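# Chain and residue survey
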Amino acid sequence: MTTTKLIDLSQEIFQGMPVLPIHQQTVIFPNKTHEMTKRKIGFEFATNSLLINEHGPTHSDAIYEYDPDGPTIDEMDLGSFYGPAICLDLTSISPDEFITKRDVKEALKRSEQTIEEGDIVLLHTGHYERSYGTDDWFNRHAGLNYQAAKWLAELGVKNIGIDAPSIDHPEDKKFSGHLACREYQITNTENLCNLAEIVNKRFLYIGLPLKIRNGTGSPIRAVALLIES
C-alpha cells in the first residue's frame, strides 16, 4: 500500500513581502467588495487586484530573462517545471560562501540519491528559515559558482531550485548560475521554502508557471509530492 503527502514549497504572497529592490514591489488592493457587488448585481462577490513582478514571490525564470534569443515563459515546455526531483542538503555552507561543485557532489553522496537526466534539483541552504524578512535576506546567502551550476546542467538537470532570492551569490557579478542556465538553456526556480521537509528525498516536483504572454518568468505554486510505500 502506498500513501502520498503534498508539501507546499511556496512563499506567501502579500503586500510588503520581500521583493528585490530593483523589481516592482507587491501591491494588493480591493477591486470589488461584497457590499459593492450586492448593490450592483444582487449577490456578494469580492475580488482583489494585484500589482506584482514576475520574479517577486516563489517563481521560475524564462530562459528569455537571461538570453534575449531564448523562449519566453509561455513558449517553454511545461516539462521544465514538472517531474522527478531530489533535494540536497547544503545547510553547512556559510551564507558568505559560494556553493562549489565539490559541495554539491558531497551533498549528493550524503543524500544516497542519484541525479538522472531530466531531474529537477532543489538546494536546501537553510536561508529561508534563517533570514526571511530580515536585512540579510537579499544580501547574504550562498549561491552556486559557475562550475557547480555547469556540472548540474551537464548531468541533464532541467531546473535548479533554491530557498533564496537567487541561485547566484549576492556578490557574484558574473551571475554564474544564470550564466550556466543560459548556456544550457534550462530554467531555475527561486524563493522556495520548506525544503527541510524533503531534503535527501526523491519526489515528484510540480511548479507550473502562469501562461504570461512574452513573460520573462512567472510566480508558481511549487509543491513536492512524496510517495511512500
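Here is a short report on the structure shown in this document. Sequence positions are assigned chain by chain, starting from 1 and proceeding in written order. The predicted nature of this model means local features are confined to residues of pLDDT at least 70 and side-chain atom pairs, given and counted, to a pLDDT of 80 or more, with totals for whole chains, interfaces and linings taken over all residues. Working from all heavy atoms in the structure, the side-chain values ignore hydrogens and water.

On to helix H7 (residues 176–184), then. Only protein chains enter the accessibility calculation, which uses a 1.4 Å probe. A residue is then buried if its area is under 20% of the maximum for its type, exposed if over 50%, and partly exposed in between. The secondary structure listing takes helices from DSSP runs of H or I that are at least 4 residues long and strands from runs of E that are at least 2 residues long, numbered from the N terminus. Buried within H7 we find Ser176, Gly177, His178, Ala180 and Cys181. Throughout, a residue-residue contact means that at least one pair of heavy atoms, one from each residue, lies within 4.5 Å. Each element contacted by the buried residues of H7 is listed here: strand S4 (59–61), helix H2 (63–66), strand S8 (143–144), helix H6 (146–154) and strand S10 (187–190). In the stretch just after H7, Gln185 is the one whose phi turns positive, near 55 degrees.

Bringing the packing of aromatic side chains into the picture now. Aromatic ring pairs are defined here through the distance separating the ring centres and the angle between the ring planes. Pairing of aromatic rings covers Phe, Tyr and the six-membered ring of Trp, with a centre-to-centre limit of 6.5 Å; geometry is then stacked below 30 degrees between planes, edge-to-face above 60, and tilted otherwise. Taken as a whole, this structure holds four aromatic pairs when the rule is applied. A ring pair is formed by Tyr128 and Tyr132, whose centres lie 4.8 Å apart and whose planes are at 35 degrees; its orientation type is tilted. Taken together, a centroid distance of 6.2 Å and an interplanar angle of 80 degrees make the contact between Tyr128 and Trp137 edge-to-face. The partly exposed category is assigned to Tyr128, whose relative accessible area is 22%.

Below, the discussion takes up the environment of Ile212. Secondary-structure assignment places Ile212 in the loop between strand S11 (202–206) and strand S12 (217–219). Exposure remark for Ile212: the relative accessible area of 25% places this residue in the partly exposed category. Residues Ile212 and Ile73 lie 139 residues apart in sequence; the distance between their C-alpha atoms is 6.6 Å. The residues touching Ile212, leaving out its near neighbours within four places in the chain, are Glu54, Ile73, Asp74, Gly217 and Ser218.

It is worth spelling out the nonpolar core at this point. The term nonpolar core refers to a set of buried residues drawn from Ala, Val, Leu, Ile, Met, Phe, Trp, Tyr and Cys, joined through side-chain atoms within 4.5 Å. Counting 32 residues, the largest nonpolar core has Val104, Ile115, Val121, Leu144 and Leu152 as the members making the most contacts within it. Put simply, the parts of the chain that give this core at least two residues each are H2, strand S5 (82–89), helix H3 (101–111), strand S7 (120–124), H6, strand S9 (159–162) and H7. For this core, the element with the most residues is H6, which contributes five residues. The next biggest cluster of nonpolar side chains, apart from the first, holds 15 residues, and it includes Ala85, Leu192, Ile198 and Tyr205.

Its location among the elements puts His23 in the loop between strand S1 (3–8) and strand S2 (27–32). A relative accessible area of 19% places His23 in the buried class. Once you skip the residues sitting within four places of it in the chain, His23 turns out to touch Asn53 and His55.

Inspection of the secondary structure puts Asp61 in strand S4. Working convention for charge: Lys and Arg count positive, Asp and Glu count negative, and His plus the chain ends are omitted. The term salt bridge refers to a side-chain nitrogen of Lys or Arg lying within 4 Å of a carboxyl oxygen of Asp or Glu. Arg182 provides the closest opposite charge to the buried, unpaired Asp61, separated from it by 12 Å. A polar atom in the side chain of Asp61 sits 3.0 Å from the side chain of His55. Filtering out sequence-adjacent residues up to four positions away, Asp61 remains in contact with His55, Tyr66, Ile73, Met76, His178, Thr187, Asn188, Glu190, Thr216 and Gly217. As used in this structure description, the phrase polar contact means that two N or O atoms lie within 3.5 Å; if the pair is within protein, one of them must be able to donate a hydrogen and the other to accept it, and residues adjacent in sequence are counted only when both atoms belong to side chains.

In this section: the pattern of salt bridges. By the definition in use, this model includes seven salt bridges. Residues Asp96 and Arg140 are paired through a salt bridge, measuring 2.8 Å at the closest nitrogen-oxygen approach. Of the two residues, Asp96 is situated in the loop between S5 and strand S6 (98–99) and Arg140 in the loop between helix H5 (136–139) and S8; the sequence distance between them amounts to 44 residues. Judged by relative accessible area, Arg140 falls into the partly exposed class, the value being 34%. A salt bridge links Glu154 to Lys150; the nearest nitrogen and oxygen atoms lie 2.7 Å apart. Highlighted residues: Glu154 and Lys150, both in helix H6, separated by four residues, approximately one helical turn. Residue class for Glu154 comes out partly exposed when judged on its relative accessible area of 45%. Where salt bridges share partners, they join Asp96, Asp136 and Arg140 into one cluster.

Even without a glycine there, the phi angle at Phe175 is positive, about 50 degrees. Mapped onto the elements, Phe175 comes out in the loop between S9 and H7. Phi at Asn194 takes a positive value of approximately 60 degrees, unusual for a residue other than glycine. Checked against the element boundaries, Asn194 lands in the loop between S10 and S11.

The next subject is the sheet that holds S7. Two strands pair under a simple rule: DSSP has to find at least two bridges between them. Taken together, the nine strands give an open sheet; going across it, the order is S1-S13-S11-S5-S7-S9-S10-S4-S12, and neighbouring strands pair in mixed fashion. One side of each edge strand has no neighbouring strand; the edge strands of this open sheet are S1 and S12. Averaged over all neighbouring strand pairs, the angle between strand axes comes to 25 degrees, with direction disregarded. When S1 meets strand S13 (residues 223–228), the two strands line up antiparallel, connected through six bridges. Bridging from a neighbouring strand, Thr3 pairs with Glu228 of S13. Angular values range over 0 to 180 degrees, each being the angle between N-to-C directions of two axes fitted as lines to C-alpha atoms, with helices fitted over their stretch in contact.

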